[in-house]
Amino acid sequence: MKGVMRFGRRGKYDAIELVDHLTFVEEPVVIIAKNVKRLRSRAIPVVKVRWRHHPVEEATWETEQEMREQFPGLFEPSGTS
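Owing to the predicted nature of the structure, the values given are computational and were not obtained by experimental measurement.

Looking now at the overall build of the protein chain. Broken down by element type, the protein chain carries 2 helices and 3 strands. Put simply, the protein chain runs from its N terminus to its C terminus through helices and strands in the order α-β-β-β-α. Out of the 81 residues in the protein chain, the part that is buried amounts to 14%. Considering only contacts within the protein chain whose residues lie at least 6 apart along the sequence, 25% involve residues at least 24 apart. For the protein chain, the computed accessible surface area is about 7,800 Å², with 53% contributed by carbon and sulfur atoms.

Below, the structure is given as structure tokens:
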């Protein structure tokens, strides 16, 4: 019983309101590099993506197809009017 009561109540507990509608979405900023990964008879185009709020050192390699599906604006040329 001693081990069970060790974590018993001490003082008052404040009510905590849980908010389940808060989400954090990573946003890509720019494509730094492009490459093609070769797997036996397949060629998979990949892109190195810099993410918002992360330094360049934390850029990640992602498949080009997935990035085009999720973020089509990332591949459009900038500066066109």
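Under the criterion given, the structure shown has 1 aromatic pair. For the ring pair tryptophan 51 and phenylalanine 71, a centre distance of 6.3 Å and an interplane angle of 75 degrees mean the geometry is edge-to-face. Residue tryptophan 51 is located in strand β2 (residues 42–51), and its partner phenylalanine 71 is located in the segment after α2 (64–70); the two are separated by 20 residues in the primary sequence. In this arrangement the basic side chain of arginine 68 is found over the ring face of phenylalanine 75, its NZ or CZ atom lying 4.1 Å from the centre.

Moving on, we come to the sheet that holds strand β1 (residues 28–39). Pairing in this open sheet of 3 strands is antiparallel, and the strands run β1-β2-β3 from one edge to the other. Pairing within the sheet leaves two strands with one partner each, and these edge strands are β1 and β3 (60–63). Between one strand axis and the next, the sheet turns through 35 degrees on average, direction left out of account. Bridging between β1 and β2 involves 10 bridges; their strand directions are antiparallel. Along β2, the bridge assignment pairs lysine 34 with valine 47.

Procedures and definitions
- Residues numbered from 1 in each chain as written.
- Predicted model: local features only at pLDDT ≥ 70, side-chain atom pairs only at ≥ 80, totals over all residues.
- Heavy atoms only, no water.
- Helix = DSSP H or I, 4+ residues; strand = E, 2+ residues; numbered from the N terminus.
- Buried < 20%, exposed > 50% of the residue type's maximum accessible area, 1.4 Å probe, protein only.
- Contact = heavy atoms within 4.5 Å.
- Areas by Shrake-Rupley, 256 points an atom, 1.4 Å probe, with all protein chains shown as cover.
- Phe/Tyr/Trp six-rings, centres within 6.5 Å; stacked < 30°, edge-to-face > 60°.
- Lys NZ or Arg CZ within 6 Å of the ring centre and 35° of its normal.
- Pairing = 2+ DSSP bridges.
- Axes fitted to C-alpha atoms, helices over the stretch in contact; angles between N-to-C directions.

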